[in-house]
Each structure stands twice: as C-alpha cells, then as structure tokens.
Amino acid sequence: GDSVTQMEGPVTLSEEAFLTINCTYTATGYPSLFWYVQYPGEGLQLLLKATKADDKGSNKGFEATYRKETTSFHLEKGSVQVSDSAVYFCALSDGGALIFGKGTTLSVSS
Amino acid sequence: NAGVTQTPKFQVLKTGQSMTLQCAQDMNHNSMYWYRQDPGMGLRLIYYSASEGTTDKGEVPNGYNVSRLNKREFSLRLESAAPSQTSVYFCASSEERGDQETQYFGPGTRLLVL
C-alpha cells in the first residue's frame, strides 16, 4: 500500500541555519503531498501542499517541491527561527485519507 | 470561528470502562475524521465520515465505534477500553473527501488507559 518515509529526528539547529527534512513516498497513483506542523501541545496544521508533479508548495519561508521522478517532497527553509521548533509530518492523500510519515522533531536554539 | 473543537482534553480510564470522545466543527465541512497518534508511529486513521449519514473504517478501527450525529459533530466511542488504546486522539475535518483537500485538526484528546 501507499506509504511515507521521512528522516529520523530529532534535528537540532542553531537559529538562521538551513533546514532540510527529507520525505519520500510510495504510491500507486498520483497523490497530493502535504507537510503538516505540530507545535507543542497543539493539533496539526497545514504548512504547505502540492497537488501535482513539479508543483512547489510554500508558506512562512518553507518550501517543498513535488518530485515524481524521485518520489520525494523534501521540506526546506533557508533560515530557521526558534519559533520553528515543532514536529513536522509529511503526508500523502490516498483517496482523501491522509497517510502520514512518523514525524521529525525540529529543535532550534538561539 | 473556533474551527475543530474536541472534548475532553485529557481523560484517564480503567481497563474495561467506556467513554465517548466528542468532536465538532463550525466550518460547514462535509467530511470528518478520527486519527490516533502514537510515539514513533505518526497518525493513523481510525474512522472517517465522508458526509453526514455515512461512516467508514480506516486503518485501525478495531475497538472503536463512531457516530456522525449531524453535519457538525462526529463522536468516537470506546466500548471497553484497553491499555493499547492509550494514545492522543485527533479529530479533523475537510470540505470534501478528496486528494487535494486540506484537513483541519482539533487540539487533541490525550487518553490514558490503566
């Protein structure tokens, strides 16, 4: 079945460092791809999404490009802030049901 | 506009007890979902309701029942709680059930079964 694999955490960075969180997927069709973020003690909220190959999703300085040839949707940010500390989930939509990766914890220190 | 709300925020149960987790959304969405989140497992779909009056099983439905009470409310019931159901439960909603739809999540219910 469809699945999502994302890099193990935790990822620890200093403020203003460059961030990459890798995400690859396995799917029989052409799913939409999502990044959700979970701040401490809160529910998940959509960070960005892409619905077809070569689409780039972006929000709050984060970007991810839907790469069909490498089945990847890596999350990047050029300069992280302490407020970006959270758990990041990559997900794909399979007929409307979200299939999540296990999550990557990001910790940013000043 | 509160979005998706869940009650209670936290609950402790003894093995064998029953309880109902409540979820409501005020965005006039047609589709609603229940997920559980376990450490190192991401989120897994328990049940969903594509529209009012319909419900379907997700990946991990065993030990749970759901009711789509009306368009706003979608409840999750544990008839006889087990320690394996200790988890954080999230309700979500979307306008429709479709690949491009964004799901909006509630703040979660933390459940501990002793």
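Up top is the structure these notes are about.
Residues numbered from 1 in each chain as written. Chains lettered and ligands numbered in written order. Predicted model: local features only at pLDDT ≥ 70, side-chain atom pairs only at ≥ 80, totals over all residues. Heavy atoms only, no water.

*Asks:* Help me understand the overall build of chain B, please; the structure alone is not making it clear to me.
*Replies:* Counting secondary structure elements, chain B contains zero helices and 11 strands. Listed N to C, the secondary structure of chain B is β-β-β-β-β-β-β-β-β-β-β in terms of helices and strands. Against the globule reference of 13 Å for 114 residues, chain B gives a C-alpha radius of gyration of 13 Å, in line with a compact fold. In terms of overall dimensions, chain B has a C-alpha envelope of 35 × 25 × 25 Å along the principal axes. (Helix = DSSP H or I, 4+ residues; strand = E, 2+ residues; numbered from the N terminus. Rg over C-alpha atoms; globule rule 2.2 N^0.38 Å.)

*Asks:* Just checking my understanding: could you explain the packing of aromatic side chains for this structure?
*Replies:* Both the distance between ring centres and the angle between the ring planes are used here to describe each pair of aromatic rings. All told, the structure shown has 11 aromatic pairs over all chains when counted by the stated rule. Pairing Tyr36 of chain A with Phe105 of chain B gives two aromatic rings, centres 5.5 Å apart and planes at 80°, and the pair type is edge-to-face. Taken together, the residues Tyr36 of chain A in strand β5 (residues 32-38) and Phe105 of chain B in strand β10 (residues 104-105) connect one chain to another. For Phe105 of chain B, a relative accessible area of 11% corresponds to the buried category. Chaining the aromatic ring pairs together yields one cluster made of Phe34, Tyr36, Phe89 and Phe100 of chain A together with Tyr33, Tyr35 and Phe105 of chain B. (Phe/Tyr/Trp six-rings, centres within 6.5 Å; stacked < 30°, edge-to-face > 60°. Buried < 20%, exposed > 50% of the residue type's maximum accessible area, 1.4 Å probe, protein only.)

*Asks:* Quick question: what am I supposed to make of the pairing of strand β5 (residues 42-49) of chain B here?
*Replies:* Regular strands place their side chains on alternate faces of the sheet. All names here are of chain B. For β5, the tally of buried residues reaches eight of eight residues, placing the bulk of the element in the interior. One ladder, built from seven bridges, connects strand β4 (residues 31-38) with β5; its direction is antiparallel. Paired with Gln37 across the two strands is Leu43, which belongs to β5. If you look at the hairpin formed by β4 and β5, you'll find three residues sitting between the two strands, and Gly40 has a positive phi there, around 70°. When β5 meets strand β6 (residues 56-57), the two strands line up antiparallel, connected through two bridges. Residue pairing for β6: Tyr48 is matched across the bridge by Asp56. Adjacent in sequence and paired antiparallel, β5 and β6 are bridged by six residues, among which Gly53 carries a positive phi angle near 95°. (Pairing = 2+ DSSP bridges.)

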